[in-house]
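Chain and residue survey
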Amino acid sequence: MRIRPHNLPLNALQGFEATARHLNMRRAGEELNITQSAISHQVRSLEAALGTPLFEANRRRLVLTPDGRRLRDTVARALNEIAATTLQLGADALSGSLSVAAPPAFAAQWLVPRLSRFLDLFPDLSLNLTRLPALIDAGLPRVDAAIVFNQVAFPGLRVESLVQLEMFPVCAPALLHQGGVMLPSHLRGATLIHEDDGALWARWFAAMGAEQIPARRHVHASNTQDALALARSGAGFAIDDGFLGGGSLAAGALVRPFGASAFPHGEYALVTQPEVRQSPSALAFCGWLRREITDGGQGQAGAAQAPRGGRAG
């Protein structure tokens, strides 16, 4: 059957893209402010229109079919181009100020290096970026948008999952074992770099089903950035993730000596006023933030709880 553009349920394409990105219909519905059943209906209607399944028949979790992955990539590119053009067309009309709060690690390692792209879109917009404590006990500051780590209880506010983290060891290429992928036993006598009290390394050993190997030396850094800087310099092995630390991995400054071994470590979420009460600048920032994360391809499926640790600090 030939598919004509006017026969495609276009709203279902947006619902499918959100579902394919989160691999979770509930999260997709929360992002688009519709119910999970509405998302499910959109996906089914799109599959019916195309005459092909987009997700595999798997009751435990959502898995894209090859056709689903192909459509996801095409729709994501199209939506990003539409959104970017829309922002550029409205840039002259958007002015005033925008306030954003984020944890130090998220701000320094991911947000700040990309913010110039957002500011270039809106030359008349002023930005106030503030540091958000890792533990938010006294409530959020009065800002237009806040990025939080592993906390989702903010009554009256809109909370949207941005990305789930997975953690794994990294090191400089020079520390790789000559035999290829390393085993936990290769850490005997090595230097382990910590950004916390040792909990991250303990969780990785447990995830590997291995006893914690006694290291020759332990180096404790005050934050994530310093721990990764030490690892890049060749000082030892640190724990990283593919989201905040993705740049060093992509550039080859850090490598994953133990292959795909990893453990889940919670999520970053976006907290704002309900969408109907958001300012135009907040709406623009939130849309840009989602696209940056999607374009970076760093989102990971599957939620997980994590201890409160240095990853947010």
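Computed from a predicted structure; not experimentally measured. The residue numbering used here restarts from 1 in each chain and proceeds along that chain's sequence as written. In keeping with the predicted nature of the model, local features appear solely for residues at pLDDT of at least 70, side-chain atom pairs appear and are counted solely at 80 or more, and the whole-chain, interface and lining totals rest on all residues. Just so you know, side-chain values use all the structure's heavy atoms and leave hydrogens and water out.

This brings us to the overall build of the chain. Where helices and strands are cited, they refer to DSSP runs of H or I of at least four residues and of E of at least two residues respectively, numbered from the N terminus. Check the secondary structure of the chain and you find nine helices and eight strands. Burial status follows relative accessibility: with a 1.4 Å probe on protein chains alone, a residue under 20% of its type maximum counts as buried, one over 50% as exposed, and anything between as partly exposed. Per-residue burial over the chain gives 46% buried out of 313 residues. By sequence separation, contacts in the chain at least 24 residues apart represent 77% of the contacts at least 6 residues apart. Accessible area for the chain stands at about 15,700 Å²; split by element, carbon and sulfur atoms hold 52% of it. In this description, contact between two residues means that some pair of their heavy atoms is separated by no more than 4.5 Å. Exposure was quantified through the Shrake-Rupley algorithm and a 1.4 Å probe, taking into account, for residues, occlusion by the shown protein chains and nothing else.

For the rest of this paragraph, the subject is the pairing of strand β2 (residues 125–131). Only strands that DSSP links by at least two bridges are regarded as paired with each other. In terms of strand pairing, strand β1 (residues 96–102) meets β2 through seven bridges, oriented parallel. Within β2, the position partnered with glycine 96 by the bridge is leucine 125. A crossover links β1 with its parallel partner β2, the connecting element being helix α5 (residues 104–121), and its sense is right-handed. Assignment of crossover handedness uses the view with strands pointing away from the viewer, where a clockwise path from the first strand over the helix to the second indicates a right-handed crossover.

Ordered in space as β2-β1-β3-β8-β4-β7, the six strands form an open sheet in which the pairing is mixed. The strands lining the two open edges of the sheet, one partner per strand, are β2 and β7 (238–241). Averaged over all adjacent pairs, the angle separating strand axes in this sheet is 20°, with direction ignored. Two strands pair when backbone bridges link them, and strand β4 (residues 158–170) and β7 are joined in this way by four bridges, in the antiparallel orientation. Bridge pairing in β7 places phenylalanine 168 opposite aspartate 240. Working convention: axes come from line fits to C-alpha atoms, limited for helices to the stretch in contact. Angles between N-to-C directions cover 0 to 180 degrees.

With that settled, consider the packing of helix α1 (residues 10–22) against helix α2 (residues 25–32). At a minimum axis distance of 8 Å, the contact between α1 and α2 shows a crossing angle of 130°. Relative to α2, α1 is oriented oblique. Along this stretch, α1 crosses α2, giving a crossing that reads as right-handed. Where α1 abuts α2, its residues Gln14, Gly15, Ala18, Thr19, Arg21 and His22 lie against Met25, Arg27, Ala28, Glu31 and Leu32. Split into classes, the residues belonging to the contact of α1 with α2 amount to four nonpolar, four polar and three charged. Relative orientations are named as follows: roughly parallel for angles under 35 degrees, roughly antiparallel for angles over 145 degrees, roughly perpendicular for angles from 65 to 115 degrees, and oblique for any other angle. Should the near helix be turned counterclockwise from the far one by less than a right angle, the crossing is left-handed, whereas a clockwise turn marks it as right-handed. Polarity classes work like this: nonpolar for Ala, Val, Leu, Ile, Met, Phe, Trp, Tyr, Cys and Pro, charged for Asp, Glu, Lys and Arg, and polar for all others, with Gly in that last group.

Close approach of charged atoms allows side chains with opposite charge to pair. Here, a salt bridge means any Lys or Arg side-chain nitrogen found within 4 Å of an Asp or Glu carboxyl oxygen. Under the definition given, this model contains eight salt bridges. Put simply, arginine 26 and glutamate 30 hold a salt bridge, and the shortest N to O gap is 2.8 Å. In this pair, arginine 26 and glutamate 30 both sit in helix α2, four residues apart, roughly one turn of the helix. Here glutamate 30 falls in the partly exposed class, since its relative accessible area comes to 36%. Note that aspartate 73 and arginine 72 form a salt bridge whose closest N and O atoms lie 3.1 Å from each other. Here arginine 72 falls in the partly exposed class, since its relative accessible area comes to 26%.

Attention shifts here to the confidence of the model for the chain. The predicted coordinates should not be examined in detail at positions where pLDDT is low. pLDDT measures how confident the predictor is about each residue, on a scale from 0 to 100. Across the chain, pLDDT averages 82, with 83% of residues at or above 70. Here helix α4 (residues 66–90) is the element of the chain with the lowest mean pLDDT, 75, and strand β5 (residues 191–194) is the one with the highest, 96. Here residues 297–309 is modelled with pLDDT under 50, and outside its nearest four sequence neighbours on either side it reaches 33 contacts, counting other chains as well.

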